[in-house]
There are 2 protein chains.
Amino acid sequence: MPDLNKLCVHTITTKPWDFATACEKYAEAGVKGITIWRDAIEGIDSEQVKGLLKKHDLTLVSYCRGGFFPAVDEKKRQEAIADNIRMVEEAAAIGAPMIVLVCGADPKQSLETSRNQIVAGIEATLKVAEKYNVKLAIEPLHPMYAGDRSAVNDLKTATEMVEKINHPLVGVAVDVYHLWWDPHLEEEIYRCGMTDKLFAFHICDWKVPTTDMLLDRGLMGEGCIDVPRIRSWVEHAGFNGFNEVEIFSNAYWEMPQEEFLEKIIEGYKNHS
Amino acid sequence: MPDLNKLCVHTITTKPWDFATACEKYAEAGVKGITIWRDAIEGIDSEQVKGLLKKHDLTLVSYCRGGFFPAVDEKKRQEAIADNIRMVEEAAAIGAPMIVLVCGADPKQSLETSRNQIVAGIEATLKVAEKYNVKLAIEPLHPMYAGDRSAVNDLKTATEMVEKINHPLVGVAVDVYHLWWDPHLEEEIYRCGMTDKLFAFHICDWKVPTTDMLLDRGLMGEGCIDVPRIRSWVEHAGFNGFNEVEIFSNAYWEMPQEEFLEKIIEGYKNHS
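Procedures and definitions
- Residues numbered from 1 in each chain as written.
- Chains lettered and ligands numbered in written order.
- Predicted model: local features only at pLDDT ≥ 70, side-chain atom pairs only at ≥ 80, totals over all residues.
- Helix = DSSP H or I, 4+ residues; strand = E, 2+ residues; numbered from the N terminus.
- Rg over C-alpha atoms; globule rule 2.2 N^0.38 Å.
- Buried ≥ 20, exposed ≤ 12 C-beta atoms within 10 Å, placed from the backbone.
- Contact = placed C-beta atoms within 7 Å.
- Least-squares fit on C-alpha atoms with pLDDT ≥ 70 in both.
- Core = buried A, V, L, I, M, F, W, Y, C linked by C-beta atoms within 7 Å.
- Pairing = 2+ DSSP bridges.
- Axes fitted to C-alpha atoms, helices over the stretch in contact; angles between N-to-C directions.
- pLDDT = per-residue confidence, 0-100.
- Nonpolar A, V, L, I, M, F, W, Y, C, P; charged D, E, K, R; others polar.
- Parallel < 35°, antiparallel > 145°, perpendicular 65-115°, else oblique.
- Left-handed = near helix turned anticlockwise from the far one by under 90°.
- Expected span 1.5 Å × (residues − 1).
- Arc of directions from axis to C-beta.
- Bend = angle between axes of the 7 residues up to and from the residue.
- Right-handed = clockwise from strand over helix to strand, strands pointing away.

J.: Explanation requested: the overall build of chain A in the structure shown.
T.: The helix and strand tally for chain A stands at 10 helices and eight strands. Its C-alpha atoms give chain A a radius of gyration of 17 Å, within 12% of the compact-globule value 19 Å for 272 residues. Burial status across chain A gives 52% buried among its 272 residues. Within chain A, counting contacts between residues at least 6 apart in sequence, those at least 24 apart form 78% of the total.

What follows is the structure, encoded as structure tokens:
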């Protein structure tokens, strides 16, 4: 069983709850970590955000999500960099130690070009990240998102980017949903671990059948991903951070969220 | 521009047409190759199939699709092998030189176990394949199908299986839809080519957005896959077989199929 003190929930997982409710409910349920999605705190003052986290004794794990660097249009690329810099400042203001990057892709150009623009975008963001000591985690996304969401589609590619950028603040986020199918996942996780580049670990499950490419993620235990096995690799690689539950699901968002949170905790205890 | 004499269409691409109509329309449009899906000729005598192919001067490229070997249940596995053996006999009867394998996966077991069962299934089918000299092509499927359709999700894994089986009748089918995202695709295509294991080449496109995980494939040119570039790799690797158009699309199946076939030929000429 995973360490209950290492359970983190992403605010988007319980999307129907506003931020204050999420903090309260997570704390009541014994959840210790929270990853904040940007839209969850839109319009909320950063001091208020920090106050709620402190009140409920929640550890802020990550701020989601930066990235989306590639674009055929140069102006759009510059806007993306400016937006990532703003996100670093926001992260610093609420006390988030890390930003997760959904790197982006532009279907009008090759994946290689998009990957080069991602590296350039991260490098351009790093100066501000250094100032505030905010980590940037490249999250490789499932190949089904290569068209428009990310040109980084396996852990090897993400790690090679991290090695190319070669900066202590840049690492990777491993999400079982995106990477479970990769026959080389175990060795690539160890490779990351050797250089302490494994910054985050996200969990959920892959349902069979999956009816929506974005919003039909499963709870741990209801799909075909062997989460405990992948967690064992991640821990063997030296990772000792939070296990972050990140589920986008129309079906679960329609359910009373208290009930869903109970299921999350059960799935965490028994199938993670 | 690709060689017009190398254009092959899969019967499923124009699913609304019965087999006789497909043969007639393909020939009228100047299509030289056909890949027959099993259900397209269900209930049609094999001599009649051969007669139609001959009448319309169509080259039979492949018979689709065998495989689906893995199962937790041993009885199901044996049934799958028996079914693949029947498919080899059917292929021989209609004069198909090759069967394409959608290898299968059982979500109740690990991908490694499924892969081992795939190798065992192919080996069990080979005796009959040898008798009739029918090739078996492992088609790696996109990782979004790893849950239940195929435990072989990149070209490297497929090639490693082929190398393990090490039989002149066993090779791979490269489908741009499944593999376009892979940063190592070019080198893996050359690796296959070096040992003459590249048996088939399938084309279509990846639409952005893709609205259905199975039935929303695009015509060459309407998505983000650089088909001409991948074709150049395949040809550089020594492949000189047909370029097979395999599109599953609810949208296109609803269109008058003559019109769709015209679009296919245009997409083939200008974007393949």
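J.: Whenever I open this one, the relation of the copies chain B and chain A confuses me. Can you help?
T.: Mapping one chain copy onto the other needs a rotation about an axis and a shift along that axis. Between chain B and chain A, the superposition needs a rotation of 180° and an axial shift of 0.0 Å, giving an RMSD of 0.0 Å. Both copies are brought into coincidence by an operation consistent with a two-fold rotation axis. The fraction of interface residues of chain B whose copies in chain A are also interface residues reaches 100%, indicating that both copies meet through the same surface.

J.: Before we go on, may I ask you to explain the nonpolar core in this structure?
T.: Most often, soluble globular proteins have nonpolar side chains that are buried together. Grouped together as the largest cluster of nonpolar side chains are 178 residues, with contacts concentrated most on Val172 of chain A together with Val172 of chain B. When neighbours within four sequence positions are excluded, valine 172 of chain A is seen to be in contact with Ala137, Ile138, Leu155, Ala158, Thr159, Val162, Cys192, Lys197, Leu198 and Phe199 of chain A.

J.: Explanation requested: the sheet that holds strand β6 (residues 170-175) of chain A in the structure shown.
T.: Within a sheet, adjacent strands bond to each other through the backbone by hydrogen bonds, running parallel or antiparallel. Residue and element names in this part refer to chain A. Ordered by their spatial adjacency, eight strands build a closed barrel running β1-β2-β3-β4-β5-β6-β7-β8, and the pairing between neighbours is parallel. Pairs of neighbouring strands in the sheet enclose a mean axial angle of 30°, with direction left out of account. Of the pairings in the sheet, the one linking strand β4 (residues 98-102) to strand β5 (residues 135-138) comprises four bridges and is parallel in character. Counterpart to leucine 101 in the pairing with β5 is isoleucine 138.

J.: For this particular structure, what's the right way to read the sheet that holds strand β3 (residues 59-67) of chain B?
T.: Residues and elements named next belong to chain B. If you walk around this closed barrel you meet the eight strands as β1-β2-β3-β4-β5-β6-β7-β8, and the pairing is parallel. If you compare each strand with its neighbour and ignore which way they point, the axes differ by 30° on average. Relative to β3, helix α3 (residues 74-94) is tilted by about 170°, and along the sheet it contacts β2 (33-37), β3 and β4 (98-102).

J.: Looking at this structure, how should I read the confidence of the model for chain A?
T.: Caution applies to low-pLDDT parts of the model: their predicted coordinates are not meant to be read in detail. Summary statistics for chain A give a mean pLDDT of 98 and a share of 100% for residues scoring 70 or more. Predicted complex metrics record ipTM = 0.96 and pTM = 0.97.

J.: What am I meant to see in the interface of chain B and chain A here?
T.: Many analyses report the size of an interface as the accessible area lost when the parts associate. Listed by partner, the interface residues are 20 residues for chain B and 20 residues for chain A. Its residues assigned to classes, the side of chain B that touches chain A comprises 12 nonpolar, six polar and two charged.

J.: Help me understand the packing of helix α4 (residues 111-132) of chain A against helix α5 (residues 155-165) of chain A, please; the structure alone is not making it clear to me.
T.: When two helices pack together, their arrangement is given by the angle between their axes and by how far apart the axes lie. All names here are of chain A. In the contact formed by α4 and α5, the axes pass within 11 Å of each other and the chain directions differ by 45°. As the angle between them shows, α4 and α5 are arranged oblique. Classified by chirality, the crossing of α5 by α4 is right-handed. Judged by residue contacts, Ile118, Val119, Ile122 and Glu123 of α4 engage Met161, Lys164 and Ile165 from α5. Across the contact of α4 with α5, the residue classes break down as five nonpolar, no polar and two charged.

J.: Would you take a moment to explain the environment of valine 245 of chain B for this structure?
T.: Residue and element names in this part refer to chain B. Here valine 245 is to be found in strand β8 (residues 243-245). For the pair valine 245 and isoleucine 12, spaced 233 residues apart in sequence, the C-alpha separation works out to 9.6 Å. Sequence-distant contacts of valine 245, that is, excluding residues within four places in its chain, are made with Cys8, Val9, His10, Thr13, Ile203, Cys204, Ile264 and Tyr268.

J.: Whenever I open this one, unusual backbone geometry confuses me. Can you help?
T.: As a rule of thumb, non-glycine residues mostly have phi less than zero, and peptide bonds are mostly trans rather than cis. Residue and element names in this part refer to chain A. Here the bond from valine 208 into proline 209 is cis, since omega is 0°, no more than 30 degrees from zero. Considering the arrangement of structural elements, one finds proline 209 in the loop between β7 (198-203) and α8 (227-236). Unlike most non-glycine residues, aspartate 57 shows phi in positive territory, near 55°. Along the chain, aspartate 57 falls in the loop between α2 (46-55) and β3 (59-67). Residue classification places aspartate 57 among the exposed residues on the basis of 9 C-beta atoms within 10 Å. With a phi close to 55°, asparagine 133 is a non-glycine residue in the positive phi region. Along the chain, the position of asparagine 133 falls in the loop between α4 and β5.

J.: What is the right way to look at the packing of helix α3 (residues 74-94) of chain A against α4 of chain A in this model?
T.: Residue and element names in this part refer to chain A. Look at α3 against α4: their axes get within 9 Å of each other, and the N-to-C directions meet at 30°. Classed by the angle they form, the pair α3 and α4 counts as roughly parallel. Considering how the two elements wind past one another, α3 and α4 form a crossing that is right-handed. Of α4, the residues touching α3 (which contributes Arg77, Ala80, Ile81, Asn84, Ile85, Val88, Glu89 and Ala92) are Gln117, Gly121, Ala124, Thr125, Val128, Ala129 and Tyr132. Split into classes, the residues belonging to the contact of α3 with α4 amount to nine nonpolar, four polar and two charged.

J.: Looking at this model, I keep getting lost on helix α10 (residues 257-271) of chain B. Mind explaining?
T.: Think of an α-helix as 3.6 residues a turn; residues three or four steps apart then line up on the same face. All names here are of chain B. The end-to-end C-alpha separation of α10 is 20 Å, in line with the 21 Å expected for 15 residues at 1.5 Å each. Looking at α10, one finds that the buried residues are Phe260, Leu261, Ile264, Gly267 and Tyr268. In a view along the axis of α10, the buried residues occupy a sector of 120°, so they form one face of it. Of the exposed residues in α10, those oriented more than 90 degrees away from the buried face are Glu259, Glu262 and Asn270. Buried residues along α10 sit against β1 (7-10), α1 (19-29), β8 and α9 (250-254).

J.: Please clarify how helix α4 (residues 111-132) of chain B should be interpreted in this entry.
T.: Residues and elements named next belong to chain B. Between its terminal C-alpha atoms α4 stretches 31 Å, which fits the 32 Å expected from 22 residues at 1.5 Å a residue. Approximately 40° is the largest bend angle found in α4, and it occurs at leucine 126. Following α4 by one or two positions, asparagine 133 adopts a phi angle in the positive range, close to 55°.

J.: Before we go on, may I ask you to explain the pairing of β3 of chain B in this structure?
T.: Each regular strand displays side chains that alternate between the two surfaces of the sheet. All names here are of chain B. Where burial is concerned, most of β3 is hidden: seven out of the nine residues are buried. Note on the crossover from β2 through helix α2 (residues 46-55) to β3: the handedness is right-handed. Note that β3 and β4 share four bridges and pair parallel. Note on β4: the bridge partner recorded for cysteine 64 is valine 100. Viewed along the sheet, the connection from β3 through α3 into β4 turns out right-handed.

J.: How should I be thinking about the pairing of strand β1 (residues 7-10) of chain A in this particular structure?
T.: All names here are of chain A. Here β1 shows two buried faces, one formed by Leu7 and Val9 and the other by Cys8 and His10. In this sheet, strand β8 (residues 243-245) lies alongside β1 in parallel orientation, the contact comprising three bridges. If you follow valine 9 over to β8, its bridge partner there is valine 245. Note that β1 and strand β2 (residues 33-37) share three bridges and pair parallel. Bridge assignment links histidine 10 to a residue of β2, and that residue is threonine 35. Assessed by its sense of winding, the connection that carries the chain from β1 through helix α1 (residues 19-29) to β2 is right-handed.

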